[in-house]
Every structure is written in C-alpha cells, then in structure tokens.
Amino acid sequence: MSIEVGERKVYVLRIGHRPERDKRVTTHVGLVARAFGADGVVIGDVIDEKVVSKIKGICEKWGRKSFYVISGVNSMKYARKWKDRGGIIVHLTMYGLHIDDVIDYIRRDPRDILVVVGASKVPRFFYDIADFNVAIGHQPHSEVAALAIFLDRLFEGRELHFIFSDAKICIEPSPKGKKVTMCDRKGEGQEYQ
Ligand code: SAM
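Computed from a prediction, not measured in an experiment: that's the story for all the values here. Position numbers for residues count from 1 along each chain, tracking the sequence in the order it is written. Under the rules for a predicted model, residues below a pLDDT of 70 receive no local features and side-chain atom pairs below 80 are neither given nor counted, while totals for whole chains, interfaces and linings still include all residues. Where side-chain values are given, they derive from all heavy atoms of the structure, hydrogens and water being excluded.

As for the packing of helix H1 (residues 19–35) against helix H6 (residues 143–155)
The packing of two helices is summarised by the inter-axis angle and the distance between the axes. At a minimum axis distance of 9 Å, the contact between H1 and H6 shows a crossing angle of 10°. Between H1 and H6, the angle falls in the class roughly parallel. Listed contacts from H6 to Val25, His28, Val29, Val32 and Ala33 of H1 are Glu143, Val144, Leu147, Ala148 and Leu151. Amino acid classes used here: Ala, Val, Leu, Ile, Met, Phe, Trp, Tyr, Cys and Pro are nonpolar; Asp, Glu, Lys and Arg are charged; the rest, including Gly, are polar. A class-by-class count of the residues in the contact of H1 with H6 yields eight nonpolar, one polar and one charged. Under this scheme, a helix contributes an axis fitted over its contacting stretch, all axes are lines through C-alpha atoms, and angles between N-to-C directions fall in the 0 to 180 degree range. Put simply, DSSP H or I for four residues or longer makes a helix, DSSP E for two residues or longer makes a strand, and each gets a number counted from the N terminus. Roughly parallel refers to an angle under 35 degrees, roughly antiparallel to one over 145, roughly perpendicular to one between 65 and 115, and oblique to any angle outside these ranges. Here a residue-residue contact requires only that any non-hydrogen atoms of the pair lie within 4.5 Å.

Some thoughts on H1
In this model, H1 (17 residues) spans 23 Å end to end at C-alpha, consistent with the 24 Å of a helix rising 1.5 Å per residue. At valine 25, H1 shows its largest kink, close to 30°. On the buried face of H1, the contacting elements are strand S1 (10–14), strand S2 (40–44), helix H2 (49–62), strand S5 (113–117), H6 and strand S7 (163–164). Once H1 ends, the next one or two residues include glycine 37, with phi positive near 100°. By this rule the span expected of a helix is its residue count minus one, scaled by 1.5 Å. Axes are fitted to the seven residues ending at a residue and to the seven starting at it; the angle between these axes is taken as the bend at that residue.

A few points about the environment of glutamine 139
Here glutamine 139 is to be found in the loop between strand S6 (132–135) and H6. Under the scheme applied here, a residue whose accessible area is under 20% of the maximum for its type counts as buried, over 50% as exposed, and between as partly exposed, the area being computed with a 1.4 Å probe on protein chains only. On the accessibility criterion, glutamine 139 (56% relative accessible area) is exposed. Spatially, the C-alpha atoms of glutamine 139 and tyrosine 95 are 8.8 Å apart, while their sequence positions differ by 44 residues.

A few points about the environment of aspartate 100
Along the chain, the position of aspartate 100 falls in helix H4 (residues 99–108). One polar contact links aspartate 100 to arginine 153, side chain to side chain, over a distance of 2.9 Å. Two N or O atoms form a polar contact when they lie within 3.5 Å of each other; inside protein one atom must be a possible hydrogen donor and the other a possible acceptor, and for residues adjacent in sequence the pair counts only when both atoms belong to side chains.

Considerations on the domain arrangement of the protein
Along its sequence, the protein is organised into domain 1 (10–162) and domain 2 (163–193). Put simply, the middle of domain 1 and the middle of domain 2, counted by C-alpha atoms, are 25 Å apart. Facing the 14 residues of domain 1 at the interface are 11 residues of domain 2. A simple way to read buried area is as the amount of 1.4 Å-probe accessible surface that goes missing from two parts once joined, with both sides added. Looking at the side of domain 1 facing domain 2, the largest losses of area belong to Trp62, Arg64 and Phe162, adding up to 55% of the total buried there. Whenever a carboxyl oxygen of Asp or Glu lies within 4 Å of a side-chain nitrogen of Lys or Arg, that contact is scored as a salt bridge. The interface formed by domain 1 and domain 2 includes two salt bridges. Put simply, glutamate 60 and lysine 168 hold a salt bridge, and the shortest N to O gap is 3.3 Å. Applying the counting rule to domain 1 against domain 2 returns six residue pairs in polar contact (both at pLDDT 80 or more). Looking at the side of domain 1 that touches domain 2, the elements with two or more residues in it are H1 and H2. No other element matches the three residues that H2 contributes to the side of domain 1 that touches domain 2. Of the residues in the side of domain 1 that touches domain 2, the class split is four nonpolar, four polar and six charged. All the domain ranges listed were derived from an automatic or database domain assignment.

What about the site of the ligand?
If even one non-hydrogen atom of a residue comes within 4 Å of a molecule or strand, that residue is called near it. Taken together, 19 residues form the shell around the ligand, and within it Leu92, Ile136, Gly137, Gln139 and His141 come nearest. Glutamine 139 is positioned with one of its backbone polar atoms (N or O) 2.7 Å from a nitrogen atom of the ligand. A distance of 3.1 Å is found between a nitrogen atom of the ligand and a backbone nitrogen or oxygen belonging to histidine 141. Contact with the protein chains covers 80% of the free accessible surface of the ligand, which is 570 Å². Those elements that provide at least two residues to the shell around the ligand are strand S4 (88–98), S6 and H6. Looking at which element gives the most residues to the shell around the ligand, the answer is S4, with three residues. Broken down by class, the residue content of the shell around the ligand amounts to 11 nonpolar, seven polar and one charged. Areas reported here follow the Shrake-Rupley algorithm with a probe of radius 1.4 Å; residue values treat only the protein chains shown as occluding.

Pasting the structure below:
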C-alpha cells in the first residue's frame, strides 16, 4: 500500500475554545487530529496549557512526538497567513456543501489543508475565507465527530493503519482482554512520525 505520508500537511484550527467548558472537547479535537492523520492542532485565541500538555502527553507515550500543538494563536491571522502561504482552508459546518460532493476535489488538491472547527458561534470571517465550507451531513452534531469523519474520508481509511514509529507503547489487538506492550512493530506497516 503506498501512502504519500508527509507530502501534504493537514493542520486543524480549533476556534472559539472556552477553557471553562471546552477542555475535554478541545482535547478530543486534538487527539482525533493526531490519531486520524493530521499533522498538528492549533487552538485559536486563548492559551490553555492544560489542553496542550494533555495532547503532548499522549504523543509522548503513544507516538508522533512531531505532532504540532499550540494554543493562543490569533486564529484570523493564522488563517490569512495559511492562505498567503498557498494552503487551502476547509471549514467544517453543517451549513456547507455535503462532504460527498466535495471530498474528491479536496483530496486531489495537493496543497496543505487547514481544517477549521468551531465551538460556539463561528464568525462570518471563516465562512468567507474558506475554500470549502463542508457539511458532514446537514444535522448539528459535534466538532469531534465532524473532524473524525472528514479526516477519514480524506485519507480513505488508511490513517487507521498508520504505525507511529516513535510510540513507547502499543496495543496488541485482542478479542476480549486489554493487551498493551512495549512497541516493536517496525516494518509492519506505513510508518508515521
Ligand atoms: N452553533 C454553532 C454555529 O452556529 O456555528 C455550531 C456549534 S457546533 C457544536 C461546533 C462545531 O461542530 C461547528 O463549528 C462545526 O465545526 C462542527 N459541526 C457540527 N455539526 C457539523 C456538521 N453537521 N457538519 C460539519 N461540522 C459540524
């Protein structure tokens, strides 16, 4: 199976994070970004070191130390810069175009992708700057679910087989128990730092 890992960068921009109520969901946005093949997560506008260190802790243990995590970045400036540098922006919103109608165009486009997900009301700015406003169906649900499905469709399921070569611990698949081992799975599949 050939996967061009690292050819096109995919970052997730989480906007509207409210530290007092979104810690868990924003952490999950970061964990899904990492596990489903994105290269980093940027938490816009507010600093939340607890969320950043939780995500980094998972990378330390389960691999992908190079996964980029930062908070407190001005989200509008970041999005403008992303475009200036030649990347495209995909904003996930139930009001957008259905994923089935756009995912092939997005996948074929070799440019880096910034995937924007909201928390509360998303400013008009992101609908306008986005190259694609993409709906994961047209029902309200969750940024975590929307991101997971978007990345899964983008990578066509291959991300679920990535081996993170710098992982300290790995799961040994088991029909009933919980088997965790020290990793030694080099050469078993596509490696991903
Ligand atoms: N009420 C907010 C608004 O009007 O923008 C949306 C809040 S929703 C709980 C949080 C985020 O989940 C959204 O900003 C969007 O990124 C994502 N989301 C929820 N449902 C979605 C859907 N059907 N398709 C794509 N993204 C969705």
